[in-house]
Amino acid sequence: MGKTLTMIVAWFTRVHNAILSLNDKFETSFTDKELHFLVIGAIGLALIMLIYPFFKWLANRNKVLAITWIYVLTVLVVLTFAIEIGQSVTGMGTMEFGDVVAGMGGFFVVTAVIAVLHFLIWVVRTLFKLGKKRREHRHTMQYEEEY
């Protein structure tokens, strides 16, 4: 996992350097703040254009729980990294990528357990409803036979 993170950081560094060298070629180059404004704005717009159709598709299929899960996952990734960075800055702990992986693993396990419980409850309810329909059907058949 550490190699993957290193590869991602290296890729971001290459992109960052490419943007800076492109910026240097213009007569009036942008400041660091202006570049952040433009690049993050463009990334945000691109993400909206990519994610919106997917979320709309989920919403049209009444998959609001899936949308919520994706949102919570995103918030937790940011939160776990913020906690690790905070530990490093304050000296109250060591910044370890393994802690982020462990925290996210906890989220995945807890949501998997909840999903299994939800599924089991759904199965029990479905079986109960089927049994109730069969009893009602038998009762209706007996009533019709009597008359």
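Provided above is the structure to which this section pertains.
Procedures and definitions
Residues numbered from 1 in each chain as written. Predicted model: local features only at pLDDT ≥ 70, side-chain atom pairs only at ≥ 80, totals over all residues. Heavy atoms only, no water. Axes fitted to C-alpha atoms, helices over the stretch in contact; angles between N-to-C directions. Helix = DSSP H or I, 4+ residues; strand = E, 2+ residues; numbered from the N terminus. Contact = heavy atoms within 4.5 Å. Patch = residues over 30% accessible without salt bridge, like charges linked within 9 Å, V, L, I, M, F, W, Y side chains within 5 Å. Areas by Shrake-Rupley, 256 points an atom, 1.4 Å probe, with all protein chains shown as cover. Salt bridge = Lys/Arg side-chain N within 4 Å of Asp/Glu carboxyl O. Buried < 20%, exposed > 50% of the residue type's maximum accessible area, 1.4 Å probe, protein only.

Peer 1: Give a description of the packing of helix α2 (residues 32-60) against helix α3 (residues 64-90) that names residues and reports values.
Peer 2: Direction vectors running N to C along α2 and α3 enclose 145°, while the axes themselves pass 7 Å from each other. Residues F54, F55, L58 and A59 of α2 touch α3, and the partners they reach there are A66, I67 and I70.

Peer 1: Give a description of a nonpolar patch on the surface that names residues and reports values.
Peer 2: Among the surface-exposed residues, V109, V113, V116, L117, F119, L120 and W122 lie close enough to one another that they form a single nonpolar patch of about 700 Å² accessible area. Tracing the backbone through its elements, the reader meets V113 in helix α4 (residues 97-146). Judged by relative accessible area, which is 45%, V113 ranks as partly exposed.

Peer 1: Tell me about the environment of I83, and please be specific about residues and values.
Peer 2: Looking at the secondary structure, you find I83 in helix α3. Along the sequence, I83 and I43 sit 40 residues apart, while their C-alpha atoms lie 24 Å from each other.

Peer 1: Tell me what's going on with the environment of K56, and back it up with residues and numbers.
Peer 2: Within the fold, K56 resides in helix α2. Accessibility expressed as a relative area gives 42% for K56, which makes it partly exposed.

Peer 1: Go over the environment of T80, please, and point to the residues and values.
Peer 2: Here T80 is to be found in helix α3. A sequence separation of 21 residues divides T80 from V101, and the C-alpha atoms of the two residues are 8.9 Å apart.

Peer 1: Can you explain unusual backbone geometry? Please cite residues and give values.
Peer 2: Of note in this structure, N62 is not a glycine but carries a positive phi near 55°. Considering the arrangement of structural elements, one finds N62 in the loop between α2 and α3.

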